[in-house]
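Here's the letter readout for the chains.
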Amino acid sequence: MHPELTTEATGLTIRWPDGVTGTYPYIWLRDTDPAGFHPQTGERAFDLTSVPLDIMAEDVAVSGGGLVLRWPGADRPSRFDLEWIRANRPGQRRADAADIPPVPWRAEIAAEGIPRADAQAVLTDDAALADWLAVTKRYGLAIVTGLPDDPEAGVAVARRVGHLRETNFGTTFEVVSKPDPNNLAYTADALPLHTDLTNQDLPPGYQFLHCLANEAAGGGSTFCDGAAVAEDLRLRDPAALDLLVRVQVPFRFHDADTDIRARKPVIRTDADGRVTEVCFNAHLADILDLPAEEMTGFYRAYRVFMQMTRDPAYGIALKLSGGEMVVFDNRRVMHGRQAFDPATGFRRLRGCYVDRGEWDSRIRVLAR
Ligand code: OGA
Ligand code: ZN
């Protein structure tokens, strides 16, 4: 049965026999005409300014399974597939295989609950890769097992996902205690829970830390789901959440070669108020430069959040072994490290990053 069309001055309403109704402004229909996209690249080739904003169709009809619209002065009509126009009605998000809602987790998940995947499977089997990308996005954290004792092995898994994100620490980096460190990670000290490179305009997305050796006493890894902490903060102390979303914190990293700074809130939310990003690194927070009258209020909120990250209700701990790699969304899941004693054994991790956009692209391409 055909859908029912109703035309108005500004657009068209389509009502399908099952009651689904779409309202389509004419300017949208003109701009979205499939013929206005490049046949090879799929990019929009149509020039929006070539038609008036108040364009109206001269004639609208359903014919041969398609919606056909004639435009004044145009030499050919626009033709839309009816199924497509129904699925893409305004107000409806385009279907996206990478639209995987996060599952917040707390201490109960425990180290045993972290999703695990075998490196060989992820490297060689597209279905295993797709499953692993989805579950890692859902939890923001996963462990890849069975990596060979090769400093490039973890990097190869990262490259299977997408392009590496290069930073001032290189395309890849070695986490070992060094004699002249430019970063606390390169000492044997404990690292409290943090996200990396909050001083960057865009902090890196997924972080890969391949454990090559972890023989020293200590050196366990800690994690907490920053999104879970932030969502709980919303219930516990909405005023604190509001400040952490609104106040721009200055972050800074500087060494002999660089001085990289960015201002950003500790927590970001989307238009629906859901937490989309946590950006928390006490070591990279620069001198707070808020007006004096806002300072103490912000410190209160910031300390509440900081204390929550240390609450045993949220954190999990595990000690990585050689051949294991943690992979986590650095813009959501906070990571840390227990201190270790370099006199008792060698500890070496090799790290790299792949941004969220690359991750999501791989999910979509595998879902085609
Ligand atoms: C880092 C880091 C954790 C570790 O390099 O940013 O947090 O386990 N390292 O050494
Ligand atoms: Zn770190």
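The rules we used
- Residues numbered from 1 in each chain as written.
- Chains lettered and ligands numbered in written order.
- Predicted model: local features only at pLDDT ≥ 70, side-chain atom pairs only at ≥ 80, totals over all residues.
- Heavy atoms only, no water.
- Buried < 20%, exposed > 50% of the residue type's maximum accessible area, 1.4 Å probe, protein only.
- Helix = DSSP H or I, 4+ residues; strand = E, 2+ residues; numbered from the N terminus.
- Pairing = 2+ DSSP bridges.
- Axes fitted to C-alpha atoms, helices over the stretch in contact; angles between N-to-C directions.
- Expected span 1.5 Å × (residues − 1).
- Contact = heavy atoms within 4.5 Å.
- Near = heavy atom within 4 Å.
- Polar contact = N/O pair within 3.5 Å; in protein donor to acceptor, adjacent residues only side chain to side chain.
- Areas by Shrake-Rupley, 256 points an atom, 1.4 Å probe, with all protein chains shown as cover.
- Nonpolar A, V, L, I, M, F, W, Y, C, P; charged D, E, K, R; others polar.
- Donors = N, O, S within 2.8 Å, 3.2 Å for Na, K, Ca; no water.
- Domains from an automatic or database assignment.
- Disulfide = S-S within 2.5 Å.
- Parallel < 35°, antiparallel > 145°, perpendicular 65-115°, else oblique.
- Phe/Tyr/Trp six-rings, centres within 6.5 Å; stacked < 30°, edge-to-face > 60°.
- Lys NZ or Arg CZ within 6 Å of the ring centre and 35° of its normal.

Chemist: I tried to follow the pairing of strand E8 (residues 141-145) on my own but got confused; where do I start?
Modeler: Moving residue by residue along a regular strand, the side chains alternate between the two faces of the sheet. With four of five residues buried, E8 lies mostly within the body of the structure. In this structure, strand E7 (residues 116-118) lies alongside E8, joined through three bridges in parallel fashion. Paired with Arg116 across the bridge in E8 is Ile143. Pairing geometry for E8 and strand E19 (residues 325-329), over four bridges, is antiparallel. Looking at E19, one finds that Leu141 is bridged to Phe328.

Chemist: How should the sheet that holds strand E5 (residues 66-70) be read in this particular structure?
Modeler: In sheet architecture, strand pairing relies on hydrogen bonds along the backbone and comes in two forms, parallel and antiparallel. Reading across from one edge, E4-E5-E6 is the order of the three strands in this open sheet, with antiparallel pairing throughout. Looking along the sheet, the strands with just one partner apiece sit at the ends: strand E4 (59-63) and strand E6 (78-81). Sheet twist, expressed as the average angle between the axes of neighbouring strands with direction ignored, equals 20°. Taken together, the five bridges between E4 and E5 define a ladder with antiparallel strand orientation. Its bridge partner being in E5, Val62 is matched across the sheet by Leu67.

Chemist: Can you help me understand helix H9 (residues 356-367) in this one?
Modeler: Count 3.6 residues to each turn of an α-helix, and residues three or four apart come out pointing the same way. Between the first and last C-alpha of H9 there are 17 Å, a value that for twelve residues agrees with the 16 Å anticipated at 1.5 Å per step. If you follow the buried residues of H9, they end up packed against helix H4 (126-139), helix H5 (153-161), strand E11 (206-214), strand E17 (275-278), E19 and strand E22 (347-354).

Chemist: How do you make sense of the site of ligand 1 when you look at a structure like this?
Modeler: Taken together, Val175, Ala185, Leu191, His194, Asp196, His335, Arg337, Arg347 and Leu349 make up the full set of residues adjacent to ligand 1. Here an oxygen atom of ligand 1 sits 3.2 Å away from a polar atom, N or O, in the side chain of His194. Between ligand 1 and Arg337 there is a distance of 2.9 Å, counted from an oxygen atom to a side-chain nitrogen or oxygen. Within the complex, the protein chains bury 95% of what would otherwise be the 290 Å² of accessible surface of ligand 1. At the level of secondary structure, the elements contributing two or more residues to the shell around ligand 1 comprise strand E10 (191-194), strand E20 (333-337) and E22. Counted by class, the shell around ligand 1 contains four nonpolar, two polar and three charged residues.

Chemist: Explanation requested: helix H6 (residues 226-236) in the structure shown.
Modeler: Those residues of H6 not exposed but buried are Gly226, Ala227, Ala228, Val229, Ala230, Asp232 and Leu233. At the N-terminal boundary of H6, the capping side chain belongs to Asp225, with an oxygen 3.0 Å from the backbone nitrogen of Ala227.

Chemist: Which parts of the structure should I look at to understand the coordination of the zinc ion (ligand 2)?
Modeler: Metal coordination angles have textbook ideals: 109.5 degrees for a tetrahedral set of four donors and 90 or 180 degrees for an octahedral set of six. Those protein atoms acting as donors to the zinc ion (ligand 2) are His194 (NE2), Asp196 (OD) and His335 (NE2), and they sit at 2.0 to 2.1 Å. Between consecutive donors of the zinc ion (ligand 2), the numbers of intervening residues give the motif H-x1-D-x138-H. Of this pair, His194 sits in strand E10 while His335 sits in strand E20, placing them 141 residues apart in sequence. Assessed through its relative accessible area of 7%, His194 is described here as buried. Assessed through its relative accessible area of 7%, His335 is described here as buried.

Chemist: How should the domain arrangement of the chain be read in this particular structure?
Modeler: Many analyses report the size of an interface as the accessible area lost when the parts associate. As far as domains go, the chain holds domain 1 (4-87) and domain 2 (107-367). Between domain 1 and domain 2, the C-alpha centre-to-centre distance is 45 Å.

Chemist: Honestly, the sheet that holds strand E13 (residues 221-225) in this entry has me stumped. Any pointers?
Modeler: Spatially, four strands are ordered E10-E20-E13-E18 in an open sheet, and the strand pairing comes out antiparallel. The sheet is open, and its two edges are formed by E10 and strand E18 (316-318), each paired on a single side. On average, adjacent strands in this sheet sit at an angle of 15° to one another, irrespective of strand direction. Bridging between E13 and E20 involves five bridges; their strand directions are antiparallel. The residue bridging Asp225 from the neighbouring strand is Val333, located in E20.

Chemist: Could you clarify how one ought to interpret the pairing of E11 in this entry?
Modeler: Burial runs high along E11: nine of the nine residues are buried. Across five bridges, the pairing between E11 and E19 is antiparallel. Bridging across to E19, Tyr206 finds its partner in Asp329. Across eight bridges, E11 lies against E22 in antiparallel orientation. Bridge assignment links Cys211 to a residue of E22, and that residue is Leu349.

Chemist: Can you help me understand the state of the cysteines in this one?
Modeler: Should the sulfur atoms of two cysteines be covalently bonded, the bond is a disulfide. This model, assessed by the stated rule, comprises zero disulfides. Cys211 takes part in no disulfide bond, and the closest cysteine sulfur, belonging to Cys352, lies 15 Å away.

Chemist: Would you explain the packing of H6 against helix H7 (residues 238-246) in this entry?
Modeler: Geometrically, a packed helix pair is captured by the angle between its two axes and the distance between the axes. Two numbers describe how H6 lies on H7: the axes approach to 5 Å, and their chain directions differ by 130°. Here H7 runs oblique to H6, going by the angle between their axes. Only Pro238, Ala240, Leu241 and Leu244 of H7 make contact with H6, whose side of the interface consists of Ala230, Leu233, Arg234, Leu235 and Arg236. Looking at the contact of H6 with H7 residue by residue, the class counts come to seven nonpolar, no polar and two charged.

Chemist: Which parts of the structure should I look at to understand the packing of aromatic side chains?
Modeler: Pairs of aromatic rings are described using the distance from one ring centre to the other and the angle between the two planes. Tallied over the entire structure, the rule returns 13 aromatic pairs. Of the aromatic side chains, those joined through ring pairs into one cluster are Trp132, Tyr206, Phe208 and Trp359. Directly above the aromatic system of Tyr186 lies the positively charged group of Lys178, at a separation of 3.9 Å from the ring centroid.

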